[in-house]
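These are the residues of each chain, in order.
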Amino acid sequence: MRRRILIALVAAAGLVTAGCSGGNDRSTQDDGGASSSDTVEVYSWWTSPSEELGLDALQEVFAQEYPEIQFVNGGVAGGGGSTKQLLQARLEAGEPPDSFQVHAGREAQDYIDAGHVTDISDLYNEFGLDGVFPPGLLDMLTQDRHLYTIPSNVHRANVLWASVPALEDAGIDPGAIAYPTVDAFIADLEKIADQAEVTPLAVGGTWTQVHLLETILIAELGADGYDGLFDGTTDWSGPQVGAALEEFQTLIGLTNEDREEYDWEFPTQMVVDGDAAFTIMGDWVPALLESNSLVEGVDYVWAPSPGTDGIYDFLADSFSMTVGAPNPAGAKAWLAVIASADGQAAFNQVKGSIPARTDVDLSQFSSYQQAAAQSFASDAIVGSIQHGAAATIAQGEAVNRAVYAFVTSGADDLAKFQADLTAAFAE
Ligand code: GAL
């Protein structure tokens, strides 16, 4: 099924669901108190088995802290937030969940501008959050000195994941996948295509291709040049972007042909099963690798995506209290758990990300996470397009349409592709 159709179906189904399960049949607390009939509905897209593990961990902490409030999972499938049109429809219909997942950065700013998220600056004081989050991250959640959401985690998008058996079969050293350039990566992918039975590079549907594309733009433009794509100082129609798009075109030619049908788990599972050598995806991947009992260094290896060593392609999830939340007290309780050191430790340990709080002890975290935390502290930080840090929702959707049109029409019209991307950021 084509992704667009899938989205339309999910959106249509969701509208029906929203109509049935909106807040009207639930007890609404205007006084901020909680009662045993209270529920809190939280929207996220953490619905796949490996992503649910993180949400489950949060729910456990929530149930311990607030046994009187029932957690209602308002999750909607769609990795990378790719079906958040459904959330939008609910917000516009005045049927909001109590709290929703939102990316720090331009995406959060969109929801603030649209008046869908409540000013929760007071909760930062009440929860004692002064000084516990990186100031740069808080800036991405702030408007006119007011804070609107609380960050739960920090993910890295530019990570290359590889199957050790698949690499060994193709005669590629698993210890040498820190490719300095995209061209060097392509050379190995072509070697795999020539010699091995496996797919060189696994991808899924459009949003995962956008994810891949942004890592190639970072490699080609460097951190400053990439940043310039969002403030007008780098020309989307210029030769460097053109070169990145050519590399992207070559990469798409080295991926699985059934890519359009899948979210991110399937291509990752191809790496798990040794049916693909590589995938480029964010660091929610380890949760899936570990749930398949894969061991880092033995079954899989990782490196910064080709040409991006020293750069951290950043994204962060955060949670809101919606304007018109049916149960603001429930939303407040949920946010207290999101903000807490215990909640962040329990959640991030299984999610693969690092805590947004800087005061969580990482000694129990994986070696990957400890390395990610070090990179986050020392690398140049750039914002993800697909995951709402650098691009507005409208820009992200326009990039998705451009990538979909390019890839599904045979990936041969580079000039149109570049013009579409240029138009996406023209305003
Ligand atoms: C990102 C989100 C991550 C993870 C990923 C895959 O947008 O920030 O937490 O859920 O999508 O679905």
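As shown above, the structure is provided for reference.
The structure displayed is predicted, hence computed values, not measured ones. (Residues numbered from 1 in each chain as written. Predicted model: local features only at pLDDT ≥ 70, side-chain atom pairs only at ≥ 80, totals over all residues. Heavy atoms only, no water.)

Quick notes on unusual backbone geometry
For residues that are not glycine, phi is negative in most cases, and the peptide bond is trans in most cases.
Right, so step 1: In this structure, R145 takes a positive phi of about 70° despite not being glycine.
Right, so step 2: Take R145: it is sitting in the loop between β4 (142-143) and β5 (146-147). (Helix = DSSP H or I, 4+ residues; strand = E, 2+ residues; numbered from the N terminus.)

Side note on helix α9 (residues 206-231)
Right, so step 1: Taking 1.5 Å of rise per residue, 26 residues should cover 38 Å, yet α9 covers just 25 Å from first to last C-alpha, more than 12% shy of that figure.
Right, so step 2: The largest bend in α9 amounts to roughly 115° and is located at G222.
Right, so step 3: Along α9, 20 of the 26 residues are buried, which leaves the element largely enclosed by surrounding structure.
Right, so step 4: Positive backbone phi, approximately 85°, marks G232, located one or two places after α9. (Expected span 1.5 Å × (residues − 1). Bend = angle between axes of the 7 residues up to and from the residue. Buried < 20%, exposed > 50% of the residue type's maximum accessible area, 1.4 Å probe, protein only.)

What to know about the pairing of strand β1 (residues 39-43)
Right, so step 1: Counting buried positions over the five residues of β1 gives five, a clear majority of the element.
Right, so step 2: Across the two faces of β1 the burial is the same, with T39, E41 and Y43 and V40 and V42 all buried.
Right, so step 3: Two elements, β1 and strand β2 (residues 70-73), share four bridges in a ladder whose sense is parallel. Considered in β2, the bridge of V42 is made with N73. (Pairing = 2+ DSSP bridges.)

Overview of the packing of aromatic side chains
Right, so step 1: Scanning all chains against the criterion turns up 25 aromatic pairs.
Right, so step 2: Ring geometry for W161 versus Y300: centroids 6.4 Å apart, planes at 55°, classification tilted. With W161 in strand β8 (residues 159-163) and Y300 in strand β11 (residues 300-304), the pair connects residues that are 139 residues apart, well separated along the chain. Of the two residues, W161 and Y300, neither departs from the other in class, the shared state being buried.
Right, so step 3: Between the aromatic rings of Y179 and F185, the centroid separation amounts to 5.2 Å while the plane-to-plane angle is 50°, which identifies the pairing as tilted.
Right, so step 4: Taken together, the ring pairs in this structure connect W46, F62, Y66, F71, F319, W334 and F347 into an aromatic cluster.
Right, so step 5: Lying over the aromatic face of W45, K84 brings its terminal NZ or CZ to 6.0 Å of the ring centre. (Phe/Tyr/Trp six-rings, centres within 6.5 Å; stacked < 30°, edge-to-face > 60°. Lys NZ or Arg CZ within 6 Å of the ring centre and 35° of its normal.)

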